[in-house]
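Fold and contact review
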Amino acid sequence: MTLTPAYGRDYKSKKQIEADLAADKDFIEATSGQYINRPQLLELGQTMVNVRYSQNRKVTVVQVKP
């Protein structure tokens, strides 16, 4: 599953992404365009996600922690 930041947010590092994911901030699921956050990812059984950042030029793999 690939996510992008929601509401105009962007990131410069993986650490920033992990902090916002842990804070249950919304992201956009790339294929459906729906908003999704950490509790919803855990409900779907997702433990690892790809996140696009740096104006969609970079991709990193992030672990979704309970």
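Described in the following lines is the structure provided in the data block. Model, not experiment: these values are computed from the prediction. (Residues numbered from 1 in each chain as written. Predicted model: local features only at pLDDT ≥ 70, side-chain atom pairs only at ≥ 80, totals over all residues. Heavy atoms only, no water.)

Side note on the pattern of salt bridges
Which entries qualify depends on this criterion: We define a salt bridge as a side-chain nitrogen of Lys or Arg found within 4 Å of a carboxyl oxygen belonging to Asp or Glu. Secondary structure elements are defined from DSSP: runs of H or I of at least 4 residues count as helices, runs of E of at least 2 residues count as strands, and each element is numbered from the N terminus. Only protein chains enter the calculation, and the probe is 1.4 Å; a residue is then buried if its accessible area is under 20% of its type maximum, exposed if over 50%, and partly exposed in between.
Applying the stated rule across the entire model yields three salt bridges. Here Asp20 makes a salt bridge to Arg9, at a shortest N to O gap of 3.5 Å. Linking Asp20 in helix α1 (residues 14-22) with Arg9 in the loop between β1 (2-5) and α1, this pair joins segments that are eleven residues apart in sequence. Asp20 gets classed as buried once you look at its relative accessible area, which sits at 14%. Residue classification places Arg9 among the partly exposed positions, given a relative accessible area of 22%. The closest approach of N and O atoms between Arg38 and Asp24, which form a salt bridge, is 2.9 Å. You can see Arg38 sitting in helix α2 (residues 38-43) and its partner Asp24 sitting in the loop between α1 and β2 (27-29), a full 14 residues away along the chain. You can call Asp24 partly exposed: its relative accessible area is 31%. Sharing partners across several salt bridges, the network here consists of Arg9, Asp20 and Lys25.

Focus on the pairing of strand β5 (residues 58-63)
The following threshold applies: Note on pairing: two strands pair once DSSP finds at least 2 bridges between them.
Here six bridges tie strand β4 (residues 48-53) to β5, and the two strands are oriented antiparallel to one another. Each bridged residue has a counterpart across the sheet, and for Val49 the counterpart in β5 is Val62. Adjacent in sequence and paired antiparallel, β4 and β5 are bridged by four residues, among which Ser54 carries a positive phi angle near 55 degrees.

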